[in-house]
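# A closer look at the structure
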Amino acid sequence: QVQLVESGGGLVQPGGSLRLSCEASGSIFSITSMGWYRRAPEKGRELVAAISSGGNTNYADSMTDRFTISRDNAKNTVYLQMNSLKPEDTAVYYCNTETEFRTYWGKGTLVTVSS
C-alpha cells in the first residue's frame, strides 16, 4: 500500500503562484512514477504533469510554460509549482502514483483562483 498526502492548495488571485506537495509513504519502493491530475467543475479528470522514477517528465500542452513538476527523493515527495495561475486552473488537484502493482490516489487539494 502507498499513502499519498497532498498539501499546498488554497485561494490565490489570478497571476499568483502556488506550490503543491505530495508526500508518499508505505510501499514506496514499488513506485515507478508520480504525478498530478486535476478535476475542474463540470470537467473530467485530466493530467497536469507526471514524473517517472527515472526523472522523465510529461506535461499537458497547455501547462508546459506555467507548471513545473519536481521531486525530492529524500523526502519521498513530488511538487507542482504553479505560476501565472488563471481562473480556469481552479480545480481539485490529485496526487497520483503508479507502482509495480496498482495505481494510488491522494484525496486531493483544492486550488481556487479568483479575485
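See the structure shown above.
Our subject in this report is the structure included herewith. Remember, predicted model here, so these are calculated numbers, not experimental data. (Residues numbered from 1 in each chain as written. Predicted model: local features only at pLDDT ≥ 70, side-chain atom pairs only at ≥ 80, totals over all residues. Heavy atoms only, no water.)

Our focus in this paragraph is the side chain of Thr-90. Turning to its location among the elements, Thr-90 is positioned in the loop between β8 (77–82) and β9 (91–99). Within polar-contact distance, the side chain of Thr-90 engages the backbone oxygen of Pro-87 at 2.9 Å. (Helix = DSSP H or I, 4+ residues; strand = E, 2+ residues; numbered from the N terminus. Polar contact = N/O pair within 3.5 Å; in protein donor to acceptor, adjacent residues only side chain to side chain.)

Within the largest apolar cluster, 28 residues are counted, with the highest numbers of intra-cluster contacts made by Trp-36, Leu-80, Met-82 and Tyr-93. When residues of this core are traced back to their parent elements, those giving at least two are β1 (2–7), β3 (18–26), β4 (31–39), β5 (45–52), β7 (67–72), β8, β9 and β11 (109–113). Sorting elements by how many residues they give to this core places β3 first, with four residues. When sequence neighbours within four positions are dropped, the list of residues in contact with Met-82 reads Gly-16, Ser-17, Leu-18, Leu-20, Arg-66, Phe-67, Tyr-93 and Val-111. (Core = buried A, V, L, I, M, F, W, Y, C linked by side-chain atoms within 4.5 Å. Buried < 20%, exposed > 50% of the residue type's maximum accessible area, 1.4 Å probe, protein only. Contact = heavy atoms within 4.5 Å.)

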